[in-house]
Structure formats: C-alpha cells, structure tokens
Amino acid sequence: MEAGPLRNTDLQRQVPGISQRMLTLTLRQLREDGLITRTAYAEVPPRVEHALTPLGRGLHEIVTSLIGWAADHHDEIREHRARAAAPAARS
C-alpha cells in the first residue's frame, strides 16, 4: 500500500494464508483507526481500493525501520537467546 492503492486481491496475495474474513476484519479495523482509506468505485464488476492515510504512512515508516533493525540484528539476538537457554539446559 505504500506505493499506492491496492485492491483486496492484491492484499491477499501479499499476505499468504490470510482468509477473506480476516482480511476484511483487519481492513475494517485499520480504517476505523484512521490508518487506511477505502474507495469504492461504481463499476461492473465493483472495484474497491485501499490506501494508506498520512497517519498510516507514518506508521509504515516506523514498522519498516523496525523490520530492518530486526533483520540487521537477527544473528546477534539468536546468539543471546542460545546463551540464555544454555544454563537452563544444563540444570
């Protein structure tokens, strides 16, 4: 959605395994929170698009940074977890 509006089918492809019901509920909640907009076009067949609001774009930037940080430090975090679990395994 950061690149522009997306249709339900596009969103479903980007979230493997999500059911139509869960996608609908999630999109409704994101709309209620002011993170996305929903635009319905009176066409045949009907077309609905979802886009990030300025609030949603701000959150997207933060989440993207967090994902990048986690990817950059993944190995280090795993090493710390392994060291923390090692004494428990010896007990």
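Please read all numbers here as calculations on a predicted model, not as lab measurements. (Residues numbered from 1 in each chain as written. Predicted model: local features only at pLDDT ≥ 70, side-chain atom pairs only at ≥ 80, totals over all residues. Heavy atoms only, no water.)

A. Region of interest: a positive patch on the surface. On the surface, a cluster of positive charge is contributed by Arg 21, Arg 28, Arg 31 and Arg 38. Ranked by residues supplied to the positive patch, first place goes to helix H2 (residues 20-32) with three residues. Classification of Arg 21 by relative accessible area gives exposed; the value is 61%. (Patch = residues over 30% accessible without salt bridge, like charges linked within 9 Å, V, L, I, M, F, W, Y side chains within 5 Å. Areas by Shrake-Rupley, 256 points an atom, 1.4 Å probe, with all protein chains shown as cover. Salt bridge = Lys/Arg side-chain N within 4 Å of Asp/Glu carboxyl O. Lys, Arg positive; Asp, Glu negative; His and termini not counted. Charge placed at Lys NZ, Arg CZ, Asp CG, Glu CD. Helix = DSSP H or I, 4+ residues; strand = E, 2+ residues; numbered from the N terminus. Buried < 20%, exposed > 50% of the residue type's maximum accessible area, 1.4 Å probe, protein only.)

B. Spotlight on the sheet that holds strand S2 (residues 36-41). The strand order S1-S3-S2 describes an open sheet built from three strands, whose pairing is antiparallel. Looking along the sheet, the strands with just one partner apiece sit at the ends: strand S1 (6-7) and S2. Strand direction decides the pairing type here: S2 and strand S3 (residues 47-52), joined by six bridges, are antiparallel. Counted as the bridge partner of Arg 38 is His 50 from S3. Sitting on the sheet, H2 touches S2 and S3, and the angle it makes with S2 is about 115°. (Pairing = 2+ DSSP bridges. Contact = heavy atoms within 4.5 Å. Axes fitted to C-alpha atoms, helices over the stretch in contact; angles between N-to-C directions.)

C. Expanded view of the side chain of Thr 53. One can find Thr 53 in the loop between S3 and helix H3 (54-90). In this structure Thr 53 comes out as buried when scored by relative accessible area, which is 12%. Reaching out from Thr 53, the side chain makes a polar contact with the backbone oxygen of Gly 34 at a distance of 2.6 Å. When sequence neighbours within four positions are dropped, the list of residues in contact with Thr 53 reads Gly 34, Leu 35, Ile 36 and Thr 37. (Polar contact = N/O pair within 3.5 Å; in protein donor to acceptor, adjacent residues only side chain to side chain.)

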